[in-house]
Amino acid sequence: MNQNKPQAPSADYSTIKDLVLNVRRYLDELRNHRKLCYAFLAVGLLYGFWFYWSNPKIYEAELSFMLNEDQNQAGGLSAVLSEFGGLLGSHGDEVNLQKILELGKSRNIAEKVFFDSCTVYGKSDFIANHLIKELETHGKWGAKAYYFIENPLKGFQFKHHQVEAFTRLENAALKQLHALFLSMLTTAVSEKTSIMKLNVQCTEEVLAYELANRLFDKMSQFYINKTIEKQKQTYDDLASKTDSLRKLLHNKQYGLADLKDSYRAAWLLKEEVPKTILDQDIKMLQLIYGEALKNKEIASYALDHKTPFIQAIDLPIMPLKVSRLILFKSLILGALYGMLLASALIFVRKFYKESIQN
C-alpha cells in the first residue's frame, strides 16, 4: 500500500515568507527609532509649510476665440475675378487653426506685445520692463550662474523699442524674456468646435490681464493683415489709378471749358480742332475711368470676401482666477518626504550593521 509522503514547501512560499519576515524586521526597526521618525516628520511638515508660503499666487488670464473665414466664391463673378490673378484664392483651402496659435508663440508677435505700454503699480512703462521686474522679484530673471561672477542681465531694463537697433545685450534680454514668456503661455484648440484658447499665467494680475489681451489683439491683426496682403495691394493700386484718372479727366474737362470760353466770339473752323481733340480725350478717359471704377469695385469685393474675422468669445475680466498650492496638500507632501527620508536613513543604517556582522 502506497503512503503519501509530505511534500517540501515550494520556492514561491519560501520567498513570500522571507519577504514578510524582512518587512516585519524593518517595521520593528522603524518602531525602535520612532523619535527619529517624528523628528523627520516635523522637519517635513515645516518644509511643506515653507514651500506653501514661498510659492506666490498665480493669476490665470484665459481667453477663447474663434475664426470666421468665408472662402466661397460667388459663381457668377468667379470668371471675372480670375482675370485679376485669382484674387479670392484657390478652392478648397482649409483654415489652419494651429497656425494662428503658433503665431501667438512667435517672437515677432511677442515683440509687439512687449513694447506696448501699460500701467502697473501706478507706473507706466513697457510691458517688457514690468515683466522683467516681476520675474526678477521671484528669482527667475538675471539669476547668478556658477560660472559667472554676475549675470549681465541682472537689473536690465529696455530703454527703447527699436528692435533693429538693439545691442547684443538687448537681443539676449529679448530672447530670454520671450523664452520665459512662453513658459507662462499655453494654447489649445478644440477639434470638435474649432474654438481656440490662450492662457497666460503670471504672478501679477494686471500683467496677466494685459499680456493675454494684447497678445490676442496683435496676433489677430497680424494674421488678418498677412491673409489679405495681396488683395489689399491690388485694391490700393486700383484706387490710386482711379484717383489719377479722375484728376486727369477733370483737368481735361476744365481745359475744354476754358477753350470754349476763349473762342466764344470766334467761329473759325480751325479753332474747332482743339475742342474736338479735347472732347475725344474726355470721352476716352470716361471709358477708361468707368472700367477702372468697375475693377476697383471687384477688388473691393475680393478684399472684403478674403478678410477673415477673428472673434473673441470670452475675454478675461478681473479679478482673475487664482491658482495656488493647497496648504493641506503641501503639508501632506512634506510629511511624506520627511518619512521617506527617515525610512531611507534607518534602512541604510540597518543594512550597514548587518553587513558588518556578516
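Here the structure is a predicted model, which means the values were calculated and not measured. (Residues numbered from 1 in each chain as written. Predicted model: local features only at pLDDT ≥ 70, side-chain atom pairs only at ≥ 80, totals over all residues. Heavy atoms only, no water.)

1. Section: the layout of surface pockets
(1) Moving on: As a volume, the largest pocket reaches approximately 250 Å³.
(2) Moving on: What lines the largest pocket is a set of 14 residues, and nearest its centre among them are Ile58, Lys140, Met184, Gln201 and Thr203.
(3) Moving on: Elements with a minimum of two residues in the lining of the largest pocket: helix H6 (127–137), helix H7 (168–184) and strand S5 (196–202).
(4) Moving on: Among the residues forming the lining of the largest pocket, the class breakdown is 7 nonpolar, 5 polar and 2 charged. (1 Å grid on protein atoms, 1.4 Å probe; cavity = no way out; pocket = protein on both sides within 12 Å on 5 of 7 lines; lining within 4 Å. Points joined across faces, edges and corners; volume = space filled by probe spheres on them. Helix = DSSP H or I, 4+ residues; strand = E, 2+ residues; numbered from the N terminus. Nonpolar A, V, L, I, M, F, W, Y, C, P; charged D, E, K, R; others polar.)

2. Quick notes on a nonpolar patch on the surface
(1) Moving on: On the surface, Tyr47, Trp50, Ile332, Leu333, Leu336, Tyr337 and Leu340 cluster together into a nonpolar patch covering about 730 Å² of accessible area.
(2) Moving on: When residues of the nonpolar patch are traced back to their parent elements, those giving at least two are helix H2 (34–54) and helix H11 (327–357).
(3) Moving on: When residues of the nonpolar patch are assigned to their parent elements, the largest contribution, 5 residues, is made by H11.
(4) Moving on: Mapped onto the secondary structure, Tyr337 falls in helix H11.
(5) Moving on: We classify Tyr337 as partly exposed; its relative accessible area is 49%. (Patch = residues over 30% accessible without salt bridge, like charges linked within 9 Å, V, L, I, M, F, W, Y side chains within 5 Å. Areas by Shrake-Rupley, 256 points an atom, 1.4 Å probe, with all protein chains shown as cover. Salt bridge = Lys/Arg side-chain N within 4 Å of Asp/Glu carboxyl O. Buried < 20%, exposed > 50% of the residue type's maximum accessible area, 1.4 Å probe, protein only.)

3. Describing helix H4 (residues 97–105)
Owing to its 3.6 residues per turn, the α-helix aligns residues three or four sequence positions apart on the same side.
(1) Moving on: Along H4, the residues that are buried comprise Leu97, Ile100, Leu101, Leu103 and Gly104. Along the axis of H4, the buried positions cluster into a sector of 150°, meaning they face one direction only. (Arc of directions from axis to C-beta.)

4. Some details on the pattern of salt bridges
(1) Moving on: Overall, the coordinates contain 5 salt bridges when judged by the stated rule.
(2) Moving on: Note that Arg214 and Asp116 form a salt bridge whose closest N and O atoms lie 3.4 Å from each other. Highlighted residues: Arg214 in helix H8 (residues 205–227) and Asp116 in the loop between helix H5 (107–114) and strand S2 (117–120), separated in sequence by 98 residues.
(3) Moving on: Because the salt bridges share partners, they merge into one network encompassing Asp116, Glu210, Arg214 and Lys218.

5. Overview of the packing of aromatic side chains
(1) Moving on: This structure, assessed with the given rule, holds 7 aromatic pairs.
(2) Moving on: Geometrically, the ring pair formed by Phe65 and Phe216 is tilted, given 5.2 Å between the ring centres and 55° between the ring planes. Residue Phe65 is located in strand S1 (residues 58–68), and its partner Phe216 is located in helix H8; the two are separated by 151 residues in the primary sequence. Neither Phe65 nor Phe216 differs from the other in exposure class; each is buried.
(3) Moving on: Seen from their ring centres, Phe114 and Phe181 are 5.6 Å apart, and the 85° between their planes marks the pair as edge-to-face. One end of the pair, Phe114, is in helix H5; the other, Phe181, is in helix H7, with 67 residues separating them in the sequence.
(4) Moving on: By the ring-pair criterion, three or more aromatic residues cluster together here, those being Phe115, Phe126, Phe156, Phe158 and Phe166. (Phe/Tyr/Trp six-rings, centres within 6.5 Å; stacked < 30°, edge-to-face > 60°.)

6. Here's the deal with the nonpolar core
(1) Moving on: Counting residues in each nonpolar core, the largest one holds 49 residues, and the members touching the most others are Phe65, Phe114, Leu131, Trp141, Phe158 and Leu177.
(2) Moving on: Elements represented by at least two residues in this core include exactly S1, H4, H5, S2, H6, H7, S5 and H8.
(3) Moving on: Among the elements that make up this core, the one with the highest residue count is H8 (9 residues).
(4) Moving on: Excluding residues within four positions of it along the chain, Trp141 makes contact with Ile132, Leu135, Glu136, Leu153, Phe156, Ala173, Gln176, Leu177 and Leu180.
(5) Moving on: Membership of the second largest hydrophobic core comes to 6 residues, among which are Leu245, Leu249, Ile282 and Leu285. (Core = buried A, V, L, I, M, F, W, Y, C linked by side-chain atoms within 4.5 Å. Contact = heavy atoms within 4.5 Å.)

7. What to know about unusual backbone geometry
(1) Moving on: In this structure, the amide linkage connecting Met318 to the following residue, Pro319, adopts the cis form with an omega of 5°.
(2) Moving on: Tracing the sequence through the fold places Pro319 in the loop between strand S6 (309–314) and strand S7 (321–323).
(3) Moving on: For Tyr121, which is not a glycine, the phi torsion comes out positive at approximately 55°.
(4) Moving on: Note on placement: Tyr121 falls in the loop between S2 and strand S3 (123–126).

8. Here we look at the pairing of S5
Regular strands have side chains that alternate between both faces of the sheet.
(1) Moving on: Buried residues dominate S5, accounting for 5 of its 7 residues.
(2) Moving on: In this structure, S1 lies alongside S5, joined through 7 bridges in antiparallel fashion. Considered in S5, the bridge of Glu62 is made with Asn199.
(3) Moving on: Joining the antiparallel neighbours strand S4 (residues 185–189) and S5 is a turn of 6 residues, in which Ser194 adopts a positive phi near 60°. (Pairing = 2+ DSSP bridges.)

9. Concerning the environment of Gln201
(1) Moving on: Relative to the helices and strands, Gln201 resides in strand S5.
(2) Moving on: The class of Gln201 is partly exposed, set by a relative accessible area of 34%.
(3) Moving on: Spatially, the C-alpha atoms of Gln201 and Ile58 are 6.2 Å apart, while their sequence positions differ by 143 residues.
(4) Moving on: With residues up to four places along the chain from it excluded, the contact list for Gln201 reads Ile58, Tyr59, Glu60 and Met184.
(5) Moving on: For Gln201, the side chain forms a polar contact with the side chain of Glu60, separated by 3.2 Å. (Polar contact = N/O pair within 3.5 Å; in protein donor to acceptor, adjacent residues only side chain to side chain.)

10. Looking at the packing of H4 against H8
(1) Moving on: Closest axis-to-axis distance for the H4/H8 pair is 9 Å, and the angle between their directions is 125°. Viewed along their axes, H4 and H8 adopt a mutual orientation that is oblique. H4 and H8 meet at a crossing whose hand is right-handed. Touching Lys99, Ile100, Leu103 and Gly104 of H4 are Leu215, Met219, Phe222 and Tyr223, all from H8.
(2) Moving on: Across the contact of H4 with H8, the residue classes break down as 6 nonpolar, 1 polar and 1 charged. (Axes fitted to C-alpha atoms, helices over the stretch in contact; angles between N-to-C directions. Parallel < 35°, antiparallel > 145°, perpendicular 65-115°, else oblique. Left-handed = near helix turned anticlockwise from the far one by under 90°.)

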